[in-house]
Structures are given as C-alpha cells and as structure tokens.
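The primary structure of each chain is shown beneath.
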Amino acid sequence: MTKLRLERDLPYQPVQLWEMVGDVERYPEFIPWIKSLRAYNRGQLEDDIMRFDADVAVGFKLLSERFSTRVTRAAAALLVDFDLIRGPFRQLKGRWTFTPSPTGTTVAFDLDIDIKNPLLDAVFKANFNLAVSKLLAIFESRARQLYGAKR
C-alpha cells in the first residue's frame, strides 16, 4: 500500500476550497486524466453531512480504468472523504481537509492506495509523487480560475 500526505497553503477561504474540491462532478472539466464522472445515490446523513457515490473513468495514455467511490462532504468539519466501492484497487481511501491559516487555508490531502493490477501499480508507483503533486497544482489553478489570484 502507498500512503501520502501533501499540504499546501493557499490564499483562499477554507469554505471556498472545500466547495471546489467537493464539487466532484466538475472534475472532468479541469483534471485532464478524468474522462468522465457520474454522481448518484445522493443522501443527507446529517444537516451538514452529504454522501453520494461516483463512477469515474480515468485515462493515462494507453491505460484506462473505471472505479467507483463513496464521497462524503462534511460542511462543519470542512472535510471531503472518499472510499473505494469497486475498481482496480485493493484499497483507495482519501481525505481533503481545509484549515484556516494566517495566509488563507492549509489544504491537506491524504491518500491510501493499493492497486490490484501489477502493471498499473508499477506505473503508478513510478509516478506517484509527481501525479499527486500535479493534482494539487491542478486544484490550485482551478482556485485561481474560480476565485482570482490572491497573492
């Protein structure tokens, strides 16, 4: 299993970033390797906690895969969690947290992943840190697009 935690300080309000990351249906618009995403089974667990499932199709050059996750958005805690339902993983679990900081927000992304396919696993492990760093850069760029340059 591969585990990673990345943090980045961004000059935006925590709720803005939480809303942006939690708006998973828009991911295909700005994350190049997400080819399609469908959200369904929406439900309100508590006043501030919403859960839904998402089917995701990803593609990297000649490789493509589909998987499903359960996404939980907790407004009061400013968390976005996702857990594997089915797909090419033994494990896929992630958490986004958004904590106020003196310059805006500290965004933390935690990921636990274990891929079943040995070829896909080798490709992923060889590019893991780069891919996750790129993902955070993509979200930072999206925040600039939505909320303007704050620096």
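Treat the numbers as computed from the prediction; the structure is a model and nothing was measured.

## With respect to empty space enclosed by the protein
To find leftover empty space, one rolls a probe the size of a water molecule over the atoms.
1) Next: All told, the structure shown has 1 cavity of 30 Å³ or more when counted by the stated rule.
2) Next: Each pocket or cavity is described by its volume, and for the largest cavity that value is around 50 Å³.
3) Next: Along its surface, the largest cavity is lined by Leu10, Leu17, Met20, Val21, Trp96, Phe98, Val107, Leu136, Phe139 and Glu140.
4) Next: Counting residues per element, the ones that place at least two in the lining of the largest cavity are helix H1 (14-22), strand S6 (89-101) and helix H3 (118-147).
5) Next: For the lining of the largest cavity, the per-class residue count stands at 9 nonpolar, no polar and 1 charged.

## Brief notes about the nonpolar core
1) Next: Counting residues in hydrophobic clusters, the biggest one holds 41 residues, and the most contacted among them are Tyr27, Ile31, Trp96, Phe98 and Phe139.
2) Next: Among the elements that make up this core, the one with the highest residue count is H3 (8 residues).
3) Next: Not counting residues up to four positions away in its chain, the partners in contact with Ile31 are Leu135, Ile138 and Phe139.

## Regarding H3
Structural remark: α-helix, 3.6 residues per turn; residues separated by three or four positions point the same way.
1) Next: Here H3 contains 30 residues, and its C-alpha end-to-end distance of 40 Å stays within 8% of the 44 Å for a straight helix at 1.5 Å per residue.
2) Next: Of all the bends in H3, the greatest, near 65°, is centred on Asn127.
3) Next: Considered for burial, the residues of H3 that qualify are Leu120, Asp121, Phe128, Val132, Leu135, Leu136, Ile138, Phe139, Glu140, Arg142 and Ala143.
4) Next: Check the buried side of H3 and you find it contacts strand S1 (2-10), H1, helix H2 (27-30), strand S4 (63-74), S6 and strand S7 (104-115).
5) Next: Following H3 by one or two positions, Gly148 adopts a phi angle in the positive range, close to 90°.

## Considerations on H1
1) Next: Buried residues dominate H1, accounting for 7 of its 9 residues.
2) Next: Those residues of H1 not exposed but buried are Pro14, Gln16, Leu17, Trp18, Met20, Val21 and Gly22.

## Describing the side chain of Ser68
1) Next: Note that Ser68 resides in strand S4.
2) Next: Other than its neighbours up to four places away in sequence, Ser68 contacts Tyr40, Ala54, Asp55, Asp83, Leu84, Ile85 and Arg86.

## Some points on the packing of aromatic side chains
1) Next: In total, this model carries 9 aromatic pairs according to the counting rule given.
2) Next: With a centroid separation of 5.8 Å and an interplanar angle of 75°, the aromatic rings of Tyr27 and Phe30 are classed as edge-to-face. On the criterion of helical spacing, the pair formed by Tyr27 and Phe30 is a turn pair, its members being 3 residues apart in helix H2. Across the pair, Phe30 and Tyr27 agree in class, each one buried.
3) Next: Relative to Phe139, the ring of Tyr27 has its centre 5.4 Å away and its plane inclined at 75°; by these criteria the two rings are edge-to-face.

## With respect to unusual backbone geometry
1) Next: Positive phi, close to 55°, is recorded for Asn41, a residue that is not glycine.
2) Next: Examined against the element boundaries, Asn41 turns out to sit in strand S2 (residues 34-46).

## With respect to the sheet that holds S6
1) Next: Taken together, 7 strands build an open sheet; the order of strands is S1-S7-S6-S5-S4-S3-S2 and the sheet is antiparallel. Because the sheet does not close on itself, it has two edges, and the strands there are S1 and S2. The average undirected angle you get between the axes of adjacent strands in this sheet is 15°.
2) Next: Across the face of the sheet, H1 comes into contact with S1, strand S3 (49-60), S4, strand S5 (79-86), S6 and S7 while running at roughly 160° to S6.
3) Next: With respect to the sheet, H3 is in contact with S1, S4, S6 and S7, its orientation differing from that of S1 by roughly 15°.

Conventions used here
- Residues numbered from 1 in each chain as written.
- Predicted model: local features only at pLDDT ≥ 70, side-chain atom pairs only at ≥ 80, totals over all residues.
- Heavy atoms only, no water.
- 1 Å grid on protein atoms, 1.4 Å probe; cavity = no way out; pocket = protein on both sides within 12 Å on 5 of 7 lines; lining within 4 Å.
- Points joined across faces, edges and corners; volume = space filled by probe spheres on them.
- Helix = DSSP H or I, 4+ residues; strand = E, 2+ residues; numbered from the N terminus.
- Nonpolar A, V, L, I, M, F, W, Y, C, P; charged D, E, K, R; others polar.
- Core = buried A, V, L, I, M, F, W, Y, C linked by side-chain atoms within 4.5 Å.
- Buried < 20%, exposed > 50% of the residue type's maximum accessible area, 1.4 Å probe, protein only.
- Contact = heavy atoms within 4.5 Å.
- Expected span 1.5 Å × (residues − 1).
- Bend = angle between axes of the 7 residues up to and from the residue.
- Phe/Tyr/Trp six-rings, centres within 6.5 Å; stacked < 30°, edge-to-face > 60°.
- Pairing = 2+ DSSP bridges.
- Axes fitted to C-alpha atoms, helices over the stretch in contact; angles between N-to-C directions.

Function cannot be read off these values alone, since they describe shape.
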